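Structure at a glance
Here's the letter readout for the chains.
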Amino acid sequence: MVRSWYELPDYVRLRRVNGLRLSPDGSRLVAPVSELNPDATSFGTALWEIDPAGDREPRRLTRSTAGEAAPAFLPDGSVLFTSTRADPEATSNGSADARKPALWLLPAEGGEARQVADPAGGVKRFSVARGSGTVAFTAHTRPDAEDAQVDAEWRAARKDSGVTAILHESSPVRYWDHDVGPDLPRLYAATPPADAASRLGEARDLTPDAGKALIEQTGEITPGGGTVVTGWQVHAGKGVWRSEVVTVDVATGERVALATSTTFEFQHPRVSPDGRYAVMLRTFEGEYDGEPRDCTLWLADLTTGEGRDLLPGTELWPREYAWAADSAAVFFAADLGGRRPVFRVDLATSTLARVTGDDGAYSSLNPGPDAHTLYALRDAWDAAPAPVRLDGAATEGRPTFLKSPQAPLDVPGTLTEVEAAAEDGTPLRSWLVLPSGAAVDAPAPLVVWVHGGPYLSFNGWTWRWNPWLLAARGYAVLLPDPAPSTGYGQDMLRRAWGRWGSCTFGDVVAITDAAVARADIDADRTAMMGGSFGGYMANWIAGHTDRFKAIVSHASLWALDAFGSSTDAPWVWAREFGDPRSQPERYELNSPHRHVSRITTPMLVIHGDKDYRVPIGEGLRLWWDLVSHEVDAKFLYFPDESHWVLTPGNIAVWYETVFAFLDHHVLGKEWCRPELL
């Protein structure tokens, strides 16, 4: 066990296992692992090999300043990955800041990696045909470019002229933390390298007319390499987009809709090993006067196009999924009661079984070639992500832990659960992190965290908001799953559909009351924090109660009418809250800014300028409204961060500021401004 990792300098140095990829023969596991770069100002990602048997120590496969990511295997065992590292065989690489991700190959037998494809717009995503080795990838290209040369000349002309402007003629204009355009993703396919010195074959442009259809879409190529199955955005008018899944013929570029509907969205297809089917997410985004959001797995026959719900009669929300090697079953992870177990569903019978029976939250599912062994990452609130081996045929099984690049962490406290009942009788639950010293004669101050989403669950480890860093400083941390959290059935969502403020507030209060009723919690010293939707709730709580000594509001929604039109996908927001011009009722009912005159609790506002999900205008307006109402408030502003704070120095100063703010208002300590601010 690694001790004292919860001190900030040590915390940012921890290795973080970010995924897993199993070789076709099941003999190798490769993981992208991030850690602090030598300059200590950024994180870098390298590829590591993990022994599937659990005997050998992990070994690092790649090493460069630029880092490596997104590993996948060619049929011969070679590893493909993306990197912005300089190509030693190129005559000119340009500046490091300007390089786009290229595709690299690490030979199966080891040795130096070499670049095998470098489209000017960079490789965004790629998929390998497990039989033929054909590689399908998306690369950003000038929308009307006929070939790579035209695209390259256009890029050079923009650079030489100093032009960075983008002319939009349709939505969307940005996503999460980056601008959309002026180049847009297209789908390409290429044959694998012919020999040890070759690059990929000449890339064939499969979607010259894609426009914005492939933005943030994922897909896979069939085992034989003849068809790509991919998400595809369709413009539905009035700026609204909907997602369907299409097949694209690699030889001809012919595109056929595989799963499409005006009611449902279809995304993220995964092709079966036998090439007969694709499984994908089918989501219902909700109706203003109808049912809330819902999600299931959809199975489609690649030959006939016929499809069906793979999870009829269940209310599980699949988060990710993978095919068993025999194509007879699909494994998936789904939120359930504050956990994220693995399930197995049989194609022929629709029989559903829960594979894991522990408290883990599972991700990066990699079924082995024997159709029973399953590899995954497992985390929990008291355990960082680590590679494990599972028995895919088990029911309520337990994981076997593999040797990981990051040793297990010894948490400074204990983890338990708190149960309560909402005003309407709905059962509520929460994780409670208790510091080591919490006791009846030494009750711990409490910090209540509300998760983002809001259609998520507090069910596993987070590097961004890690409660153990607060526990190490003597705080207990309550991690509730109020409405509309997932993993508790659709009724939990129905309760809060279109009324986030009052319903979620009531749930948070009920769970908090249950927590402070414990003898080891100090009910007189409590604070509240939240980010994104949790930040929205922080703002709402500030305007509806003075029970907390301090409130931290990160990347928060403040004035809903303004937010709804400025977020990166306004049409999704409108499904629940309506058109603010003709349906203002829910905006007025749920907007925290309408209650600013009632706020008396000291508040710390945190926002990043590159946040396109909750634009910076929300943070600026919140800050001004607090200042103009003479609320005791501070504003921690990050000019270069997005919805999340991701660089090491800013992560440290984020925690330092939060600690200082809570210590001052909750513990009564003197305010101590972080040294670098």
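Summarised in this report is the structure supplied together with it. (Residues numbered from 1 in each chain as written. Predicted model: local features only at pLDDT ≥ 70, side-chain atom pairs only at ≥ 80, totals over all residues. Heavy atoms only, no water.)

Remarks on the sheet that holds strand β8 (residues 102–106)
The sheet built from four strands is open, its strands ordered β6-β7-β8-β9 with antiparallel pairing. Lying at the two open borders of the sheet, with one neighbouring strand each, are β6 (69–73) and β9 (114–117). Mean inter-strand twist for the sheet, computed between neighbouring axes without regard to direction, equals 35°. With five bridges joining them, strand β7 (residues 79–83) and β8 adopt antiparallel strand pairing. Bridged to T82 within β8 is L103. (Pairing = 2+ DSSP bridges. Helix = DSSP H or I, 4+ residues; strand = E, 2+ residues; numbered from the N terminus. Axes fitted to C-alpha atoms, helices over the stretch in contact; angles between N-to-C directions.)

Here we look at the pattern of salt bridges
When the charged atoms of two side chains lie near each other, side chains of opposite charge can form a pair. Counted under the stated rule, the structure contains 36 salt bridges. One salt bridge connects E49 with R59, and the closest N-O pair in it is separated by 3.1 Å. Of this pair, E49 sits in strand β4 (residues 43–50) while R59 sits in strand β5 (residues 59–60); the two residues are 10 residues apart in sequence, bridging distant segments of the chain. On the basis of relative accessible area, E49 is assigned to the buried category, the value being 7%. A relative accessible area of 49% means that R59 is categorised as partly exposed. Among the salt bridges present, the one from R85 reaches E68, with a minimum N-O distance of 2.6 Å. In this pair, R85 is assigned in the loop between β7 and β8 and E68 in the loop between β5 and β6, connecting sequence segments 17 residues apart. Take E68: its relative accessible area is 1%, and that puts it in the buried class. Shared partners join several salt bridges into a network, and the residues in it are R339, D359, E417, R429 and D481. (Salt bridge = Lys/Arg side-chain N within 4 Å of Asp/Glu carboxyl O. Buried < 20%, exposed > 50% of the residue type's maximum accessible area, 1.4 Å probe, protein only.)

Re helix α2 (residues 148–161)
A rise of 1.5 Å per residue sets the reference length of α2, with its 14 residues, at 20 Å; its end C-alpha atoms lie 20 Å apart and thus fit the reference within 8%. Each element contacted by the buried residues of α2 is listed here: β11 (135–141). A side-chain oxygen of the first residue of α2 lies 3.1 Å from the backbone nitrogen of Q149; this N-cap is D147. Positive backbone phi, approximately 70°, marks G162, located one or two places after α2. (Expected span 1.5 Å × (residues − 1). Contact = heavy atoms within 4.5 Å. Polar contact = N/O pair within 3.5 Å; in protein donor to acceptor, adjacent residues only side chain to side chain.)

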